[in-house]
Amino acid sequence: MNPYALLIDGKRVETASHAEVKNPSTGDTVGLMPLATPEQLDLAVEAAARAFKTWSRTADAERKRACHAVADIIAANQEELALLLTREQGKPLNGLGSRFEMGGTLAWTRYTADLTLPVEILQDNNEGRVELHRKPIGVVGSITPWNWPVMIASWHIIPAIRAGNTVVLKPSPQTPLSTIRMVELINQVLPPGVVNVITGENSIGAALSAHPGIAKMTFTGSIETGKKVMASAVATLKRLTLELGGNDAGIVLPDADPKQIAQGLFWGAFINNGQTCSALKRLYVHDSIYDAVCEELVAYAGTIAIGDGQDEASILGPIQNEMQFNKVSELVEDARTRGGRILTGGARMERPGYFYPITLVADVDHGFRLVDEEQFGPALPIIRYSDIDEVIDRANSLPVGLGGSIWSSNIEKARELATRLECGIAWVNKHGAIQPNAPHGGIKQSGIGVQFGVEGLKELTVAQTVLS
Ligand code: NAD
């Protein structure tokens, strides 16, 4: 089996040791991940710092053209990348799986390529002229998770380089191969050193986030690790964007139509098998339609084919890794022993791989681990409520605040209630839908800063005011 290599200064760099990356559907080895040494990390940061000298001064139109060239080369190789992504991540090729992820990667890349941050003239009169410039920051360190590895890597890379920064990227050790391959491809159309990739175990992520040559960290992952990245930033006061975990609430009002909303609720919760930061993770349903919503969800869940991601018929795949599989199993077991009613699913599927069925659990409440903790997998707790003010308070009672949603046939009322949710992104009659022009980020412990659109691009810059 050919080992993968690091990509530093536009060149493949071999490592002395590797770790196997396994397919969660089968347990087969997909490829060998290079284990970078601290010295190789230094080389990557040095290469990015050298490239920054010219890339930061490259004409804006040229950087825009280069980002479109990145999109073109990814587009030309998207099926190869999708297949590799499916093999290491587990998500199906079809449905909202790896081909969908490649489509998202391209849509965000092209949209972000076309964004600009022109100089703002704040004053221009007899008393003087004040200009606000947005300048690149330097070398950006990027650390990504295993759930949407390619798309999230593009969310980190493209705004960074569009604004004139250079990047050292470290993907998750669970899903590094599709990112390495994507970076190899985009290096064919970018100057050497603009985007570098290093891989290894978690310790190399810690070394990257503590590296004095990194001016800004963009991190997507768990709250626990995000706090470590934030602590590492202190010594050199690195800029930070942290996109962390959540425990999104969805609230179904009594006037919603259970049949009409069932499919939206289902995909809000189970997109990517629930392994999505802003998936619906706690569903509150009004007492008057509780049973009807449960029934519709169970019926729709019964239509979803779960299987090996490489099978074109699969709509959902396995859980990505053993740790997450164990966590989902534990939380469901805890709910069952404490009186939760399993409407469907609830026990591992009898086949190799980390397959766990879609699991809907009724008659649960706060105080159950399945409600209080981010399950990040295919298990959804459904909580009964009767008072709207009280349910909003309960939805807001956790220390996280990524997304939230209100489901109702009265859009105006739903919009007003959505603004009362303590979260960075609120939806009406949908959940988890994201788009490249809508800033995305968490509040409370779900993160710092936003990604996407002009607001996201600004986070890859520092402001400079020029007075004359
Ligand atoms: P994780 O925190 O375990 O790992 C994320 C990345 O951090 C990996 O690349 C890992 O190798 C690296 N890492 C681990 N220890 C480190 C350390 N000490 N210093 C620096 N880097 C380190 O998260 P995960 O399990 O890969 O991803 C799942 C989590 O990510 C969930 O909580 C999910 O909600 C969150 N997430 C958030 C968003 C968002 O946009 N808010 C998007 C996707 C995932």
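Residues numbered from 1 in each chain as written. Predicted model: local features only at pLDDT ≥ 70, side-chain atom pairs only at ≥ 80, totals over all residues. Heavy atoms only, no water.

As recorded in an unreviewed UniProt entry, the chain goes by the name Aldehyde dehydrogenase family protein, listed as coming from Paradevosia tibetensis. Turning to the chain, the UniProt annotation filed under Sequence similarities (unreviewed entry) states: "Belongs to the aldehyde dehydrogenase family." (UniProt positions renumbered as here; feature names shortened; annotations may be inferred.)

## Observations regarding the overall build of the chain
Per the secondary structure count, the chain includes 15 helices and 22 strands. The C-alpha atoms of the chain give 23 Å as radius of gyration, which agrees with the globular expectation for 468 residues (23 Å, within 12%). In terms of overall dimensions, the chain has a C-alpha envelope of 65 × 65 × 40 Å along the principal axes. A separation of at least 24 residues holds for 72% of the contacts in the chain among residues at least 6 apart in sequence. (Helix = DSSP H or I, 4+ residues; strand = E, 2+ residues; numbered from the N terminus. Rg over C-alpha atoms; globule rule 2.2 N^0.38 Å. Contact = heavy atoms within 4.5 Å.)

## Let's talk about the site of the ligand
Residues in close proximity to the ligand total 29 residues, the closest being T144, N202, S222, T225 and E374. Separating an oxygen atom of the ligand from a backbone N or O atom of T144 is a distance of 2.7 Å. In this structure, K170 approaches the ligand through a side-chain N or O atom, which is 3.0 Å from an oxygen atom. Considering the ligand on its own, with 850 Å² of exposed area, one finds that the protein chains cover 91% of that surface. Judged by the fraction of its atoms near the pocket grid, the ligand is located in the largest pocket. (Near = heavy atom within 4 Å. Polar contact = N/O pair within 3.5 Å; in protein donor to acceptor, adjacent residues only side chain to side chain. Areas by Shrake-Rupley, 256 points an atom, 1.4 Å probe, with all protein chains shown as cover. 1 Å grid on protein atoms, 1.4 Å probe; cavity = no way out; pocket = protein on both sides within 12 Å on 5 of 7 lines; lining within 4 Å. Sits in = over half its atoms within 2 Å of the grid points.)

## Things to note about the domain arrangement of the chain
Segmenting the chain into domains produces domain 1 (6-244 + 446-467) and domain 2 (248-428). Each of domain 1 and domain 2 was reduced to a C-alpha centroid, and the two centroids are 31 Å apart. At the junction of the two partners, domain 1 supplies 24 residues and domain 2 supplies 27 residues. Buried surface at the junction of domain 1 and domain 2, both sides included, amounts to about 2,100 Å², of which 54% is carbon and sulfur. Here domain 1 is connected to domain 2 by one salt bridge. Taking the shortest distance from any N to any O, the salt bridge between R99 and E312 comes out at 3.0 Å. Where domain 1 touches domain 2, the interface holds eleven residue pairs in polar contact (both at pLDDT 80 or more). Of the residues in the side of domain 1 that touches domain 2, the class split is nine nonpolar, eleven polar and four charged. (Domains from an automatic or database assignment. Buried area = accessible area lost by both parts, 1.4 Å probe. Salt bridge = Lys/Arg side-chain N within 4 Å of Asp/Glu carboxyl O. Nonpolar A, V, L, I, M, F, W, Y, C, P; charged D, E, K, R; others polar.)

## Re the layout of surface pockets
Its boundaries defined by the atoms lining it, the largest pocket holds a volume of some 1,300 Å³. Lining the largest pocket are 42 residues, with G221, S222, I223, T225 and M323 positioned closest to its centre. Tallying contributions element by element places helix 8 (residues 223-233) first for the lining of the largest pocket, with six residues. Residue composition of the lining of the largest pocket, by class: 16 nonpolar, 18 polar and eight charged. Residues from two domains meet in the lining of the largest pocket; each of domain 1 (6-244 + 446-467) and domain 2 (248-428) gives at least three. (Points joined across faces, edges and corners; volume = space filled by probe spheres on them.)

## Here we look at the packing of aromatic side chains
In this structure the tally under the stated criterion is ten aromatic pairs. Taken together, a centroid distance of 5.4 Å and an interplanar angle of 80° make the contact between W146 and F376 edge-to-face. Of this pair, W146 sits in the loop between strand 7 (139-143) and helix 5 (149-162) while F376 sits in the loop between helix 12 (369-372) and strand 16 (379-385), placing them 230 residues apart in sequence. Ring plane angle 70° and centroid distance 4.7 Å describe the contact between W155 and F452, whose orientation is recorded as edge-to-face. Of this pair, W155 sits in helix 5 while F452 sits in the loop between strand 21 (447-448) and helix 15 (453-458), placing them 297 residues apart in sequence. We classify W155 as buried; its relative accessible area is 9%. Ring-pair connections join several aromatic residues into one group, and the members of that group are F266, W267, F270 and Y300. The ring of F368 has R338 lying over it, and the distance from NZ or CZ to the ring centre is 4.6 Å. (Phe/Tyr/Trp six-rings, centres within 6.5 Å; stacked < 30°, edge-to-face > 60°. Buried < 20%, exposed > 50% of the residue type's maximum accessible area, 1.4 Å probe, protein only. Lys NZ or Arg CZ within 6 Å of the ring centre and 35° of its normal.)

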